[in-house]
Amino acid sequence: MKKILITGGAGFIGSHVVRLFVNNYPEYHIYNLDVLTYAGNLENLTDIQDKSNYTFLKADITDENAILELFKQYQFDGVVHLAAESHVDRSISDPLAFIKTNILGTVNLLNAARTIWKDNMEGKRFYHISTDEVYGSLGETGLFTETTAYDPRSPYSSSKASSDHLVRAYFHTYGMPVVISNCSNNYGPNQFPEKLIPLAINNIKNNKPIPIYGKGENIRDWLYVIDHAIAIDLIFHKGENGETYNIGGNNEWTNIQLIHKLCEVMDDLLGREKGASEKLITFVKDRAGHDMRYAIDSSKLMNELGWEPSLQFEEGIVKTVKWYLANQAWMDNIISGDYEHYYKEQYQDR
Ligand code: NAD
Ligand code: DAU
């Protein structure tokens, strides 16, 4: 039985990846390693937690010894590495946390994998999940391809860029069987409400202001989270060692257009008068160094591995809103914790 380590599996994207691997591969044992920061939530995985091919390991990727011991104990055959500090605004207030987890944590995993694989790398794989933000910010035209020069601008994207470089360095220097993917903005169930879409859903539901940074003209390329998980499955199994694959939704929206759409969907689902939720839109101080536009060219992944997004945005956004409305207890558990403090710190002076 293959032993696959998934890091950050209690988070948003990680939990969808863990579920997909546990359900699709009964011949694998899936180890979900997560330290459970504010963003990690085992409630995301209650449906699969008792499966016989699943084990949760509470550990911190910044703890070099603990990570090495786990690799020695379990002898993982493959790693799908998602654990990270992931929110740009938090990286602006606390860059060091991002350096520790995203850079040192990744190196600890690479070193531990190298220690147990160094005599035989056959059939092994270290898959590093990264972001399109490493490529910087686009103007009105153009797309990020796998050969676009790195130009990260936030502490978050710089820490992810650094970890990408280190993963490639282990391929060239030590022959580590690595693969990397860089994905655009994900949306869907289980996303922590610090990110635009779940934050706006929660605020609209509770008739609170929807904070839009600057003029709302920044553009993001949105992909349904399960389509990202499907791409990860494909790249983990079929990607080439040493290669990078871009993953995107081919689905660009300015933030303000997106929020108008969300208001329309929510008015409908909440039985509100048309246009009622739009009154909550509030323009606030812009994010420092706010990247203007991200857009991904996924043609390599589509042409070489046959991936394509399964869900159109119109359908995905309705599905997403329905999930949050049906899972109010999930949201309540999050917003009853440190969230209130975070929200005040982030938004009171904007
Ligand atoms: P998330 O913040 O929802 O989850 C991160 C998970 O990592 C949490 O469960 C957290 O507890 C865990 N974690 C954090 N620090 C850890 C540590 N020191 N040790 C062990 N576990 C730790 O993040 P997400 O949005 O699901 O993103 C997952 C990955 O995908 C990240 O690497 C991110 O850079 C990348 N990514 C995210 C997006 C997106 O739109 N969310 C897009 C492209 C790439
Ligand atoms: O592109 C991939 C990246 O997408 C991932 O690597 C990151 O982990 C993920 O957080 C996401 O980064 P963004 O900064 O694009 O996502 P966020 O949801 O924070 O913001 C989306 C856009 O909305 C961005 O232009 C900032 C804006 N925004 C965000 C928040 C939280 C607002 O206008 N108001 C807000 O309150």
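Computed from a predicted structure; not experimentally measured.

### Here we look at the site of ligand 1
(1) Moving on: Of all residues adjacent to ligand 1, which total 28 residues, the nearest are Ile13, Asp34, Ser86, Tyr156 and Lys160.
(2) Moving on: One nitrogen or oxygen atom from the main chain of Ile13 is found 2.8 Å from an oxygen atom belonging to ligand 1.
(3) Moving on: Side-chain polar atom of Ser86 to an oxygen atom of ligand 1: 2.7 Å apart, as the coordinates give it.
(4) Moving on: If ligand 1 stood free it would expose 830 Å²; the protein chains cover 96% of that surface.
(5) Moving on: Ranked by the residues each element gives to the shell around ligand 1, the list is headed by strand β5 (residues 125-131), at 3 residues.
(6) Moving on: Here the shell around ligand 1 is composed, by residue class, of 14 nonpolar, 11 polar and 3 charged.

### Overview of the packing of aromatic side chains
(1) Moving on: Inspection of the entire model under this criterion finds 24 aromatic pairs.
(2) Moving on: For the pair Tyr135 and Tyr150, a centre-to-centre distance of 5.5 Å together with 85 degrees between the ring planes defines the contact as edge-to-face. Taken together, the positions of Tyr135 in the loop between β5 and α5 (155-174) and Tyr150 in the loop between β5 and α5 put the pair 15 residues apart, joining distant regions of the chain.
(3) Moving on: Ring geometry for Trp253 and Phe313: centres 4.9 Å apart, planes at 45 degrees, overall tilted. Of this pair, Trp253 sits in strand β11 (residues 252-254) while Phe313 is found in helix α10 (residues 313-326), placing the two residues 60 residues apart along the sequence. For the pair Trp253 and Phe313, one class covers both residues: buried.
(4) Moving on: One aromatic cluster is present, formed by Tyr38, Phe192, Tyr213, Tyr339, Tyr342, Tyr343 and Tyr347 through successive ring pairs.
(5) Moving on: Here the guanidinium or amino end of Arg90 rests over the ring plane of Tyr342, the centre of that ring lying 4.0 Å away.
(6) Moving on: In this structure, Arg350 is placed above the aromatic ring of Tyr213, and the distance from its NZ or CZ to the ring centre is 4.0 Å.

### Quick word on helix α1 (residues 12-24)
(1) Moving on: With 13 residues, α1 should cover 18 Å at 1.5 Å per step; its first-to-last C-alpha distance of 19 Å lies within 8% of that length.
(2) Moving on: Counting buried positions over the 13 residues of α1 gives 11, a clear majority of the element.
(3) Moving on: Among the residues of α1, Phe12, Ile13, Gly14, Ser15, His16, Val17, Val18, Arg19, Leu20, Phe21 and Val22 are the ones counted as buried.
(4) Moving on: Elements that come into contact with the buried residues of α1 comprise β1 (2-7), β2 (28-34), β3 (54-58), β7 (185-187) and α7 (225-238).

### Quick notes on empty space enclosed by the protein
(1) Moving on: Enumeration over the complete set of coordinates arrives at 2 cavities of 30 Å³ or more.
(2) Moving on: Taken together, Ile201, Asn202, Lys205, Tyr324, Leu325, Gln328 and Met331 make up the full set of residues lining the largest cavity.
(3) Moving on: Those elements giving two or more residues to the lining of the largest cavity turn out to be α6 (196-205), α10 and α11 (328-335).
(4) Moving on: A total of 3 residues in the lining of the largest cavity trace back to one element, the largest contributor, which is α6.
(5) Moving on: By residue class, the composition of the lining of the largest cavity is 4 nonpolar, 2 polar and 1 charged.
(6) Moving on: Of the pockets and cavities examined, the second largest cavity occupies roughly 40 Å³.
(7) Moving on: Along its surface, the second largest cavity is lined by Val88, Ser154, Arg220, Arg287, Gly289, His290, Asp291 and Tyr294.
(8) Moving on: Of the residues in the lining of the second largest cavity, the class split is 2 nonpolar, 3 polar and 3 charged.

### Topic: the domain arrangement of the chain
(1) Moving on: Parsing the chain into structural domains produces domain 1 (2-187 + 222-247) and domain 2 (196-219 + 252-288 + 312-343).
(2) Moving on: The centre of domain 1, based on its C-alpha atoms, is set 27 Å off from the matching centre of domain 2.
(3) Moving on: With 12 residues of domain 1 in contact, the opposing surface of domain 2 contributes 18 residues.
(4) Moving on: When domain 1 packs against domain 2, the two sides together hide about 1,300 Å² of surface, and 55% of this comes from carbon and sulfur.
(5) Moving on: On inspection of domain 1 and its partner domain 2, the count reaches 1 salt bridge.
(6) Moving on: Between Asp89 and Arg287 there is a salt bridge, with the nearest N and O atoms lying 2.7 Å from each other.
(7) Moving on: The interface formed by domain 1 and domain 2 includes 5 residue pairs in polar contact (both at pLDDT 80 or more).

### Concerning the nonpolar core
General note: in soluble globular proteins, nonpolar side chains tend to be found buried as a group.
(1) Moving on: Counting residues in hydrophobic clusters, the biggest one holds 36 residues, and the most contacted among them are Ile210, Ile259 and Leu262.
(2) Moving on: Elements supplying a minimum of two residues to this core: α6, β8 (210-213), β9 (219-224), α8 (255-270), β12 (281-284), α10, α11 and α12 (339-347).
(3) Moving on: Shared between two domains, this core takes at least three residues from each, and those domains are domain 1 (2-187 + 222-247) and domain 2 (196-219 + 252-288 + 312-343).
(4) Moving on: The contacts of Ile259, once residues within four sequence positions are left out, are Leu196, Ala200, Ile210, Ile212 and Ile281.

### Focus: the pattern of salt bridges
(1) Moving on: Scanning all chains against the criterion turns up 9 salt bridges.
(2) Moving on: Between Lys261 and Glu314 there is a salt bridge, and its shortest N-O distance comes to 2.9 Å. Within this pair, whereas Lys261 is found in helix α8, its partner Glu314 is found in helix α10, the two being separated by 53 residues in sequence.
(3) Moving on: Relative accessible area serves as the criterion here: at 46%, Glu314 is assigned to the partly exposed category.
(4) Moving on: Among the charged side chains, a salt-bridge network with shared partners connects Arg90, Glu194 and Lys195.

The rules behind these values
Per chain, the residues get numbers from 1 upward, laid out in the order the sequence is written. Labels follow written order: the first chain is A, the first ligand is 1, and so on. Under the rules for a predicted model, residues below a pLDDT of 70 receive no local features and side-chain atom pairs below 80 are neither given nor counted, while totals for whole chains, interfaces and linings still include all residues. To get the side-chain values, all heavy atoms of the structure are used, and hydrogens and water are removed first. Here a residue counts as near a molecule or strand whenever at least one of its heavy atoms sits within 4 Å of it. Side-chain atoms alone can form a polar contact between residues adjacent in sequence; in general such a contact is a pair of N or O atoms within 3.5 Å, and within protein one must be able to donate a hydrogen while the other accepts it. Each accessible area is a Shrake-Rupley estimate made with a 1.4 Å probe; only the visible protein chains count as cover when residues are assessed. Starting at the N terminus, helices and strands are each numbered in turn, a helix being any DSSP run of H or I of at least four residues and a strand any DSSP run of E of at least two. By the convention adopted, Pro, Cys, Tyr, Trp, Phe, Met, Ile, Leu, Val and Ala count as nonpolar, Lys, Arg, Asp and Glu as charged, and the other residues, Gly among them, as polar. In this analysis, rings of Phe, Tyr and Trp, with Trp reduced to its six-membered ring, are considered paired at centre separations within 6.5 Å, and the interplanar angle assigns stacked below 30 degrees, edge-to-face beyond 60, and tilted for intermediate values. Each residue is assigned to one of three classes by its accessible area relative to the maximum for its type, calculated with a 1.4 Å probe on protein chains only: buried under 20%, partly exposed between the two thresholds, exposed over 50%. Whether a charge sits over a ring depends on NZ of Lys or CZ of Arg being within 6 Å of the ring centre and within 35 degrees of the ring normal. Multiplying one less than the number of residues by 1.5 Å gives the expected span of a helix. The contact criterion used is simple: two residues touch if any of their non-hydrogen atoms lie within 4.5 Å. Cavities and pockets are defined on a 1 Å grid built over the protein atoms alone: a cavity is a set of grid points where a 1.4 Å probe fits but cannot escape, while a pocket is an open set with protein on both sides within 12 Å along at least five of seven lines, and lining residues are those with an atom within 4 Å of any such point. Grid points are joined across faces, edges and corners, and a volume is the space filled by probe spheres set on the points. Each domain span listed reflects an automatic or database assignment of domains. The buried area of a pairing is the accessible area, by a 1.4 Å probe, that goes missing from both parts when the two are put together, added over both. Counted as salt bridges are all cases of a side-chain nitrogen of Lys or Arg within 4 Å of a carboxyl oxygen of Asp or Glu. We define the nonpolar core as a collection of buried residues of types Ala, Val, Leu, Ile, Met, Phe, Trp, Tyr and Cys that are connected through side-chain atoms lying within 4.5 Å of one another.

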